[in-house]
Amino acid sequence: MEKAAFIINPFSAKKNYQPFLDELKKKVDNPLYYISESIPGTDDFIKEHFDKVDIFVAIGGDGTISTVARKLINTDKILAIFPAGSGNGFSNETKFNKNLDELLEKIKARASRKIDTFTVNGRLSINVSGTGFDGKVVKEFEKTSRGFKNYIKVSLKTFFNYKPIKVQFSDEAYQQYNGRYLMLNIANTRQFGNNAYIAPNASKSDGLVDMVLVKKFPLTYSALFAFRMFTKRLKDDEYVTYLPVSEISFKVTTKNWHLDGEFNTIESPVHVKVLPASLNILV
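First, a word on scope: everything that follows refers to the structure included in this document.

Each value, and the rule that gives it
- Residues numbered from 1 in each chain as written.
- Predicted model: local features only at pLDDT ≥ 70, side-chain atom pairs only at ≥ 80, totals over all residues.
- Heavy atoms only, no water.
- Phe/Tyr/Trp six-rings, centres within 6.5 Å; stacked < 30°, edge-to-face > 60°.
- Helix = DSSP H or I, 4+ residues; strand = E, 2+ residues; numbered from the N terminus.
- Buried < 20%, exposed > 50% of the residue type's maximum accessible area, 1.4 Å probe, protein only.
- Core = buried A, V, L, I, M, F, W, Y, C linked by side-chain atoms within 4.5 Å.
- Contact = heavy atoms within 4.5 Å.
- Polar contact = N/O pair within 3.5 Å; in protein donor to acceptor, adjacent residues only side chain to side chain.

This paragraph deals with the packing of aromatic side chains. Throughout the structure, instances matching the rule amount to twelve aromatic pairs. Ring centres 6.4 Å apart and planes at 70° place the aromatic pair Phe 217 and Tyr 239 in the edge-to-face group. Of this pair, Phe 217 sits in the loop between strand S11 (209–214) and helix H8 (219–230) while Tyr 239 is found in the loop between H8 and strand S12 (240–245), placing the two residues 22 residues apart along the sequence. The exposure class of Phe 217 is buried, given its relative accessible area of 8%.

So, on to the nonpolar core. In this structure, Phe 169, Ile 198, Met 211, Phe 225, Phe 250, Trp 257 and Val 272 are the most contacted members of the largest nonpolar core, which totals 46 residues. At five residues, S11 tops the list of elements feeding residues into this core. Every residue in contact with Phe 169, bar those within four places of it in the chain, is listed here: Tyr 174, Gln 175, Tyr 177, Asn 178, Met 211, Leu 213, Leu 243, Ile 248, Ser 249 and Phe 250. Of all hydrophobic cores here, the second largest spans 41 residues; its members include Ala 4, Ile 46, Leu 79 and Ala 84.

Attention now moves to the side chain of Gln 191. You can see Gln 191 is positioned in the loop between strand S10 (183–187) and S11. Of note is the side chain of Gln 191, whose polar atom sits 3.4 Å from the side chain of Asn 92. Those residues in contact with Gln 191, other than ones at most four positions away along the chain, are Gly 89, Asn 92, Glu 93, Asn 127, Val 128, Ala 196, Tyr 197 and Ile 198.

Just geometry here; none of it tells us what the structure is for.
Structure representation (structure tokens):
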């Protein structure tokens, strides 16, 4: 494992990373690992070991994975994952699980494939990013102890009070979609996490992202929306619109965004751009 490095987010998985580290030390002699204290610290660790490490393993949620991935974009380095987040959307979509033995076997085999990523005003996203309702939810969710139950509580509380955002597209071809929406999502993969499939037809390797526009819907539609989302059946209808795009610009009346589940403040105008085949993933 001298050519693999393990980057641990100590705040993921309810701050209980020690069992993973104990198991890693039992199964790998003198593993190279870093318990991340900050994003700059992670960046420095990757930079320090970049030339002698082939595979960087992110132990955490989508935000942790994205932090590691941004230093590997358009290089021959390989990203691997041990999921330890609240939703684990990206790891679910790239077939990583919490079986360390299986992960170590993959590392030994060193097989990889390239997938797309995208940027929002130059900031990297690998999974699903968005604004509007879910941007606000993530902002409030980060004030809690996280976990799926807290996410549902925050979502319900936010839904009833949230005023739709206004979206205005720059390209004439998309101006027919100008209007007010509950939320706007950019999906490189199919799910937020926790098997909530916001874009069931999204692909990580087609050079496109799915822009998902969701109008505020009545309470009577909410059960159907949730059922479709958790059964991979969301589709275009009077409340949901899908726009597959490789690049798009627009203005939106909010600065609250989440990028891979992490809260960000992003000013309009917003420019989204796909980076085709930009990231090596262990398979």
